[in-house]
Amino acid sequence: MRTVITVSLNGTAYQLETAAHEQLDEYLGVAERRLAANPDRAEILSDLEQAIADKCNRHLGAHKNVVTTDEMAGILTEMGRWRVAPTVRKPPRTAPTPEDQPQPTGWMQQTQPVASVHGPSIASTKARSSPAS
């Protein structure tokens, strides 16, 4: 005899073996933590629950009303695993680094500064031509 737990997935009741419930609880917990900062978190979690419920329905029928641990493992493998994002965050940079600046490409890479072709500036000409006292 195995213990079963009744859960609600997106508003529909399902009976799961205890270990299957633990697997599902862990899966949804990781998803919830991963989506903590996402503004669409509630909708995404609801969609996940509905997808899991649809997959549970494939294993249930007129003479079978409990999702087993092995079946839940298969369902969650099919759903794909969530990885928890690292909690260590880099401090924000105060000034852009050279890597942040766009790098020239094509013809811009070969451009060199050009010397003035108009001779000395007006200011330097006036300084040289002022009469000595």
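This text follows the structure it describes.
Conventions and cut-offs
- Residues numbered from 1 in each chain as written.
- Predicted model: local features only at pLDDT ≥ 70, side-chain atom pairs only at ≥ 80, totals over all residues.
- Heavy atoms only, no water.
- Axes fitted to C-alpha atoms, helices over the stretch in contact; angles between N-to-C directions.
- Helix = DSSP H or I, 4+ residues; strand = E, 2+ residues; numbered from the N terminus.
- Parallel < 35°, antiparallel > 145°, perpendicular 65-115°, else oblique.
- Left-handed = near helix turned anticlockwise from the far one by under 90°.
- Contact = heavy atoms within 4.5 Å.
- Nonpolar A, V, L, I, M, F, W, Y, C, P; charged D, E, K, R; others polar.
- Buried < 20%, exposed > 50% of the residue type's maximum accessible area, 1.4 Å probe, protein only.
- Pairing = 2+ DSSP bridges.
- Expected span 1.5 Å × (residues − 1).
- Arc of directions from axis to C-beta.

A. Fine view of the packing of helix α1 (residues 18-34) against helix α3 (residues 69-79). At a minimum axis distance of 8 Å, the contact between α1 and α3 shows a crossing angle of 20 degrees. Between α1 and α3, the angle is such that the two are roughly parallel. In terms of crossing hand, the pair formed by α1 and α3 is right-handed. Residues Ala19, Ala20, Gln23, Leu24 and Tyr27 of α1 touch α3, and the partners they reach there are Thr69, Met72, Ala73, Leu76 and Met79. Classifying every residue of the contact of α1 with α3 gives eight nonpolar, two polar and no charged.

B. Summary view of unusual backbone geometry. Positive phi is not limited to glycine here, since asparagine 10 has a value of about 55 degrees. With respect to the element layout, asparagine 10 can be found in the loop between β1 (4-9) and β2 (12-17). Taking relative accessible area as the criterion, asparagine 10 reaches 32% and is therefore assigned partly exposed.

C. Region of interest: the sheet that holds β2. With respect to topology, three strands assemble into an open sheet ordered β1-β2-β3, the strand pairing being mixed. The sheet is open, and its two borders are formed by β1 and β3 (66-67), each paired with just one other strand. Across two bridges, β2 lies against β3 in parallel orientation. If you follow glutamine 15 over to β3, its bridge partner there is valine 66. Across the face of the sheet, α1 comes into contact with β1, β2 and β3 while running at roughly 115 degrees to β2. Sheet strands in contact with helix α2 (residues 41-59) are β1, β2 and β3, and its direction is about 130 degrees off that of β1.

D. A look at the pairing of β2. Direction of pairing for β1 relative to β2: antiparallel, over a ladder of six bridges. By the bridge assignment, valine 7 is partnered in β2 with tyrosine 14. Hairpin geometry of β1 and β2 is characterised by an intervening segment of two residues between the two adjacent antiparallel strands and by a positive phi of about 55 degrees at asparagine 10.

E. Structural context of α1. Between its first and last C-alpha, α1 extends 24 Å over 17 residues, near the 24 Å set by a 1.5 Å rise per residue. Buried residues belonging to α1 abut β1, β2, α2, β3 and α3.

F. Just α3, in detail. Inspection of α3 places Thr69, Glu71, Met72, Ile75 and Leu76 among the buried residues, and these make up the whole buried set. The buried residues of α3 occupy one face: seen down the axis, they fall within an arc of 160 degrees. Of the residues in α3, the exposed ones pointing more than 90 degrees away from the buried face are Asp70 and Thr77. Buried residues along α3 sit against β2, α1, α2 and β3. Downstream of α3 by one or two residues, glycine 80 has phi in the positive range, about 95 degrees.

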